[in-house]
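Topology and contacts: notes
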Amino acid sequence: MVKDTISRMAREYAPEFIDARHHLHAHPELSYQEFETSAFVQNKLSGWKIPFEIKAKTGVVGLIRGRNPDKRIIALRADMDALPIREENNISYKSTKEGVMHACGHDAHTSILLGASKILQETKDEWEGTVKLIFQPGEERNPGGASIMIREGVLENPKPQAIVGLHVHPGLEIGKLSFRGGMVMASADEIYITIRGKGGHAAAPHTTVDTILVASQLIVALQQIISRNRNPLSPSVLSITSVQGGFTTNVIPSEVKLMGTFRAMDEGWRFRAHELIRKLSEDLVRGMGAEIDLHIDVGYPVVYNNESLNALAREKAEEFMGRNKVQETEVRMGSEDFGYYTQLIPGCFYRLGVMNVEKGIVSGVHTPTFNIDESAIEIGMGMMAWLGTSLTP
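All values derive from a computational prediction rather than experimental measurement. (Residues numbered from 1 in each chain as written. Predicted model: local features only at pLDDT ≥ 70, side-chain atom pairs only at ≥ 80, totals over all residues. Heavy atoms only, no water.)

**As for the sheet that holds strand β16 (residues 347–355)**
Convention followed: Two strands are counted as paired when DSSP detects at least two bridges linking them. Helical segments are the DSSP runs of H or I of at least four residues, strand segments are the runs of E of at least two, and each set is numbered from the N terminus. Geometry is summarised by axes, namely lines fitted to C-alpha atoms with helices restricted to the contacting stretch, and by angles between N-to-C directions that run from 0 to 180 degrees. Should any heavy atoms of two residues lie within 4.5 Å, those residues are counted as being in contact.
What the eight strands build is an open sheet, ordered β1-β2-β4-β3-β5-β16-β6-β15; its pairing is mixed. With partners counted over all chains shown, the strands left at the sheet margins are β1 (52–55) and β15 (326–328), one partner each. Strand-to-strand twist across the sheet, computed as the mean angle between neighbouring axes with direction ignored, equals 30°. Judged from the four bridges that link them, strand β3 (residues 73–79) and strand β5 (residues 162–173) form a sheet pairing that is parallel. Bridge assignment links Ala-75 to a residue of β5, and that residue is Ile-163. Strand contacts of helix α7 (residues 307–321): β5, β6 (177–179), β15 and β16, with the helix running at about 160° to β6, the strand carrying the most contacts. The strands touched by helix α9 (residues 375–390) within the sheet are β3, β4 (130–136), β5, β6 and β16, with β16 carrying the most contacts at an inclination of about 160°.

**Describing the packing of aromatic side chains**
How we decide: Ring pairs are drawn from Phe, Tyr and Trp, using the six-membered ring of Trp, whenever the two centres fall within 6.5 Å, and their geometry is named by plane angle: stacked under 30 degrees, edge-to-face over 60, tilted for the rest. Three exposure classes are used, based on accessible area relative to the maximum for each residue type with a 1.4 Å probe and protein chains only: buried under 20%, partly exposed in between, and exposed over 50%.
Applying the stated criterion across every chain yields a total of seven aromatic pairs. On the numbers, 6.3 Å between centres and 20° between planes, the contact of Phe-320 with Trp-386 is stacked. With Phe-320 in helix α7 and Trp-386 in helix α9, this residue pair connects regions lying 66 residues apart in the sequence. By relative accessible area, Phe-320 is classed as buried at 16%. With relative accessibility at 8%, the residue Trp-386 sits in the buried group. Judged by centre distance (4.9 Å) and plane angle (35°), the rings of Phe-338 and Phe-349 are tilted. Of this pair, Phe-338 sits in helix α8 (residues 338–342) while Phe-349 sits in strand β16, and the two are 11 residues apart along the sequence. Across the pair, Phe-349 and Phe-338 agree in class, each one buried. Chaining the aromatic ring pairs together yields one cluster made of Phe-338, Tyr-341 and Phe-349.

**Concerning the packing of helix α2 (residues 35–47) against helix α3 (residues 106–122)**
This is how it is decided: Here roughly perpendicular refers to angles of 65 to 115 degrees, roughly parallel to angles under 35, roughly antiparallel to angles over 145, and oblique to all remaining angles.
One way to put it is that α2 packs onto α3 with a least axis distance of 10 Å and a crossing angle of 10°. Relative to α3, α2 is oriented roughly parallel. Contacts between α2 and α3 involve Phe-40, Val-41, Lys-44 and Leu-45 on the former and, on the latter, Thr-110, Leu-114 and Ser-117.

**Comments concerning the environment of Ser-187**
Within the secondary structure layout, Ser-187 lies in strand β8 (residues 187–196). Note: C-alpha distance between Ser-187 and Gly-360 (173 residues apart in sequence) is 32 Å. Discounting residues that sit within four places of it in the chain, Ser-187 has contacts with Phe-262, Arg-263, Ala-264, Glu-267, Arg-270, Tyr-300, Pro-301, Val-302 and Ser-335.

**Describing α7**
This is how it is decided: In this scheme, a helix's expected span is set at 1.5 Å multiplied by one less than its residue total. Our arc is simply the arc of the directions from the helix axis toward the C-beta atoms.
With 15 residues, α7 should reach 21 Å at 1.5 Å per residue; the first-to-last C-alpha distance of 20 Å fits that figure. For α7, the full list of buried residues reads Leu-309, Asn-310, Leu-312, Ala-313, Lys-316, Ala-317, Phe-320 and Met-321. Angularly, the buried residues of α7 cover 160° about the axis, an arc narrow enough to put them on a single face. Gly-322, located one to two residues past α7, shows a positive phi value of around 105°.

**As for the packing of helix α1 (residues 2–26) against α2**
So the rule is basically this: By definition, turning the near helix anticlockwise from the far helix through less than a right angle yields a left-handed crossing, and turning it clockwise yields a right-handed one. Residues are grouped as follows: Ala, Val, Leu, Ile, Met, Phe, Trp, Tyr, Cys and Pro are nonpolar; Asp, Glu, Lys and Arg are charged; all remaining types, including Gly, are polar.
Running from amino to carboxyl end, α1 crosses α2 at an angle of 160°, the nearest separation of the two axes being 11 Å. As the angle between them shows, α1 and α2 are arranged roughly antiparallel. Considering the relative orientation of α1 and α2, their crossing is right-handed. Only Thr-37, Phe-40 and Lys-44 of α2 make contact with α1, whose side of the interface consists of Glu-16, Ala-20, His-23 and Leu-24. Classifying every residue of the contact of α1 with α2 by side-chain character gives three nonpolar, two polar and two charged.

**Observations regarding the sheet that holds strand β10 (residues 236–245)**
Strand order in the open sheet formed by four strands is β10-β12-β8-β13, and the pairing between neighbours is antiparallel. Of all the strands in the sheet, just β10 and β13 (291–297) have a single pairing partner and so form its edges. Averaged over neighbouring strand pairs, the angle between their axes works out to 15° when direction is ignored. Packed onto the sheet, helix α5 (residues 211–229) meets β8, β10 and β12 (255–264) and runs at close to 175° relative to β10. Lying over the sheet, helix α6 (residues 267–287) contacts β8, β10, β12 and β13, oriented at roughly 165° with respect to β13.

**Regarding the pairing of β16**
Burial of β16 is extensive: eight of the nine residues sit out of reach of the surface. Pairing of β5 with β16 involves eight bridges; the strand directions are parallel. Looking across to β16, one finds that His-169 is bridged to Gly-353. Direction of pairing for β6 relative to β16: antiparallel, over a ladder of two bridges. The partner of Leu-177 across the bridge, within β16, is Leu-352.

Set out below in structure tokens:
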């Protein structure tokens, strides 16, 4: 059976792709700067005689054609970029680039898809259809590499019937996978506000426009406008994450800057909330005598897992791993530009467990001590290859 062949090859090839992950982890690159990573991927695909093309400058799109290549077309996606975080792990493959780290597991995602690519290429006479390999840049930064790849035609020629992606999950123990149909991750928009007014001496606030006070009132009011206007059954969150203003104890500053994020699980409410945020902010700030510049940088949409595709993928995972190894993914207010793909074609975005409490591998993503139990590489590459050969949308 193809499943048994894939399982055996994943076990056999896992050390090669653990080494690949070590290389990528030691040489991380920020969003839209993944030139060395892209070259590494291209070199691997060339060595396996997998044809590919470049999109979005650093993105790599490969094609593997099995028997009856037009019968089914499945896309497998991995992201490649790192984060501006200084690594604190004491490991042999620690980041060699100061202030840049694979703190979200994209090095693992890329290595896993490379491993799956090798397996799929070597077994292409044993399965039907075509698998499109998408190595994507810029997941961590607006506008999202997925949106650029789509604009440059990644979902055309040939057009996939479905797309599959995975993400390492430090809250899920090693050896397990999790799936969920429907809304699974939130949209994410960035909010930038500048409040301006006449500054002056802190002892004479009546001669100034107190931008600090205005900003404080606005932060509280924004929380109320979200909680009082959204459906309580629809998850949504607004967090102001940065307040910048003032430089000493006796001066009211003439400018305060706020930054934050707004997330939702309902696209209709999402854009209604934008209107409410704009109106409230402008009315409140101007009503208190200050001026305002407000920009909402529209980011990633909701990640929606097609229910029937997800159910089929979960069934295939249970065949591959065993039913007791497959769980249901929790809804998360984190975001992923995989949502751009799921707006256009059926998608399945699932989780790969990488936590190992006994080994002390428990840190969350986007932290300086994030790491994975690398036995997940074998599981991930085997599972991706198996889904590539067995999903029939």
